[in-house]
Amino acid sequence: MSVELITALFFGSLLFFLFVGVPLVFTLGGISVIFLFFSIGPPGFYIVASKFWDSMTNFTLLAIPMYVYMAMLLEKSGVANNLYRMMHLWFGGLRGGLAIGTVAICAIFAAMSGVSGAAVVTMGTIALPQMLSRGYDKRLAAGAINCGGGWGILIPPSVLMILYAMLTEVSVGRLFASGIGPGILLFVLVTIYIGVRAWLQPSLAPALPPEERGDWKMKIDSLKAVFLPLFIVALVLGAIFTGLATATESAALGVFGALIAAAVHRKLTLEVLRDSGVQTLRLTAMVMWILFAAHAFSTAYSTLGADALIDELMLLIPGGEYGALAFMMLVMVILGMVLDPVGIMLITLPAFLPVVNNYGWDPIWFGVLFIIMMEVGYMTPPFGFNLFYLKGVAPPEITMRDLYVSVIPYVLVTLLGALIIIAFPQIALYLPNLFFGKPVI
């Protein structure tokens, strides 16, 4: 049987079982193991098991449950309430100020947590009702939370970046550093969009009346809310970028900071610790299954010869390297509408990485673009995770149609940010080179 036919059957089987509703992990793992068995026999099982064992002994993997546990603790600690009050006082007097303050909190939360859902759920509970009660357009407000919440996988620390680093064998620290510049860029672009639209259409995002803006004493006092978040960010990122700790060790520091935050806000109870631990266990177990599926898929992918075939096909795409990059981004956008980001990573990276190597692209730079496209996947209907996170906590007057429409301008702004990073790669690469030195080629 030709490699072309085997590849078509392999990917056709994957797509068929995904569309009929079989869970992603079992589809990837099951199909891969079956094809391995019929191509090279029982030795295929040993190859998968060997690769999986290598991953399970990887020290970096310990960072995932700790970053997840940190995010769960922060979600319950009450940090976001104080942050929102501070943003309310400082930005509420501006048109669109509450929405701008909300995306700023999302950026801060992203730098503390490493996952997307925490910021979306927290801001959907706290900020969305406040904006609606003050006359904000529901789609402008919901879109801001949806977009800002997605930065949790871009602004370090990021659980998805750790998985990308595991699969591509790049430095987690360099990848973390590469997310800071693009994260700031997207925050600036979204802020400009909200500010300009609020200036052109004041009724969509009115400024707060003078009596709600607070005096200078209240504003200065409210700044105390940023001390704990900055403390946690400094613990986690400062330890990594100064070389005092690895990404895994800094995750332990982050948990320590989250425990302090919960204690300061009097939320450090056995119930909070237990609930956070149970949620962390569930997510970590899911990640372990995903890694198993990833190793089975990558082994089958290379053994069947699909990697060489798809690599050749990708190089035939018109437009050279930019044509290939545009095609890969289009594939990620389309898959983001129907699959979760981890699933997209498992399916596409084996095909994309040879192209990245052939064109001589920096895998860190490509990783940033990949993560940004996964953000778009979190936002886009019909199956964007952030849409459902937000719908679960949004007031009844916000329908799924509202949420679907609300993300359109924010998706366009995010794609604009990706184009800017393509045009100016140093936005993503300057800090990794500054903190860790230029990579040896």
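Looking at an unreviewed UniProt entry, one finds the chain named TRAP transporter large permease protein and attributed to Melaminivora suipulveris. In its Sequence similarities (unreviewed entry) section, the UniProt entry covering the chain states "Belongs to the TRAP transporter large permease family." Under Subunit (unreviewed entry), UniProt gives the following word-for-word description of the chain: "The complex comprises the extracytoplasmic solute receptor protein and the two transmembrane proteins."

1. Description of the environment of L412
With respect to the element layout, L412 can be found in helix α22 (residues 408-423). Sequence separation between L412 and L128 is 284 residues, and the spatial gap between their C-alpha atoms is 22 Å.

2. Some remarks on a nonpolar patch on the surface
Among the surface-exposed residues, F16, F17, V20, V22, F26 and W289 lie close enough to one another that they form a single nonpolar patch of about 590 Å² accessible area. With respect to the helices and strands, V22 occurs in the loop between α1 (3-19) and α2 (24-40).

3. So, the side chain of S406
Relative to the assigned elements, S406 resides in helix α21 (residues 400-406). The exposure class assigned to S406 is buried, which follows from its relative accessible area of 3%.

4. Let's talk about the side chain of T191
Among the structural elements, T191 can be located in helix α11 (residues 180-200). We classify T191 as buried; its relative accessible area is 19%. Setting aside residues no more than four positions away along its own chain, T191 makes contact with I100 and V103.

5. Re the pattern of salt bridges
This model, assessed by the stated rule, comprises 3 salt bridges. One salt bridge connects K138 with D402, and the closest N-O pair in it is separated by 3.1 Å. Placement of the pair is K138 in helix α8 (residues 138-149) and D402 in helix α21, with a sequence separation of 264 residues. Between R139 and D402 there is a salt bridge, and its shortest N-O distance comes to 3.1 Å. Placement of R139 in helix α8 and of D402 in helix α21 is noted, with a sequence separation of 263 residues between them. What makes D402 buried here is its relative accessible area of 6%.

6. Topic: the packing of aromatic side chains
In this structure the tally under the stated criterion is 12 aromatic pairs. Between W361 and W365, the aromatic rings sit 6.0 Å apart at their centres with planes inclined by 70°, giving edge-to-face as the arrangement. Its relative accessible area of 6% is what places W365 among the buried residues. Judged by centre distance (6.3 Å) and plane angle (55°), the ring pair of F366 and F370 falls under tilted. Of the two residues, F366 and F370 are both situated in helix α19 (residues 363-379); the distance of 4 residues between them amounts to about one turn of the helix. Side by side, F366 and F370 carry an identical accessibility label, which is buried. Clustering of aromatic rings is evident, with ring pairs tying together Y164, F352, Y359, W361, W365, F366 and F370. Over the aromatic face of W90 sits the side chain of K219, whose NZ or CZ is 5.8 Å from the ring centroid.

7. Digging into α2
Under the 1.5 Å per step criterion, the end-to-end length of α2 is 24 Å for 17 residues, consistent within 8% with the ideal 24 Å. The positive-phi residue at the C-terminal boundary of α2 is G41, with phi of around 85°.

8. Section: the state of the cysteines
A complete count under the given rule lists 0 disulfides for this structure. Here C106 stays free of any disulfide, with the sulfur of C147 as its closest cysteine sulfur at 8.6 Å. C106 gets classed as buried once you look at its relative accessible area, which sits at 1%. For C147, a relative accessible area of 2% puts it in the buried group.

9. Regarding unusual backbone geometry
Here the bond from P156 into P157 is cis, since omega is 0°, no more than 30 degrees from zero. Note that P157 resides in the loop between α8 and α9 (159-168). Positive phi values are uncommon outside glycine, yet E169 reaches one of about 60°. Positionally, E169 belongs in the loop between α9 and α10 (172-178).

The rules behind these values
Residues numbered from 1 in each chain as written. Predicted model: local features only at pLDDT ≥ 70, side-chain atom pairs only at ≥ 80, totals over all residues. Heavy atoms only, no water. UniProt positions renumbered as here; feature names shortened; annotations may be inferred. Helix = DSSP H or I, 4+ residues; strand = E, 2+ residues; numbered from the N terminus. Patch = residues over 30% accessible without salt bridge, like charges linked within 9 Å, V, L, I, M, F, W, Y side chains within 5 Å. Areas by Shrake-Rupley, 256 points an atom, 1.4 Å probe, with all protein chains shown as cover. Salt bridge = Lys/Arg side-chain N within 4 Å of Asp/Glu carboxyl O. Buried < 20%, exposed > 50% of the residue type's maximum accessible area, 1.4 Å probe, protein only. Contact = heavy atoms within 4.5 Å. Phe/Tyr/Trp six-rings, centres within 6.5 Å; stacked < 30°, edge-to-face > 60°. Lys NZ or Arg CZ within 6 Å of the ring centre and 35° of its normal. Expected span 1.5 Å × (residues − 1). Disulfide = S-S within 2.5 Å.

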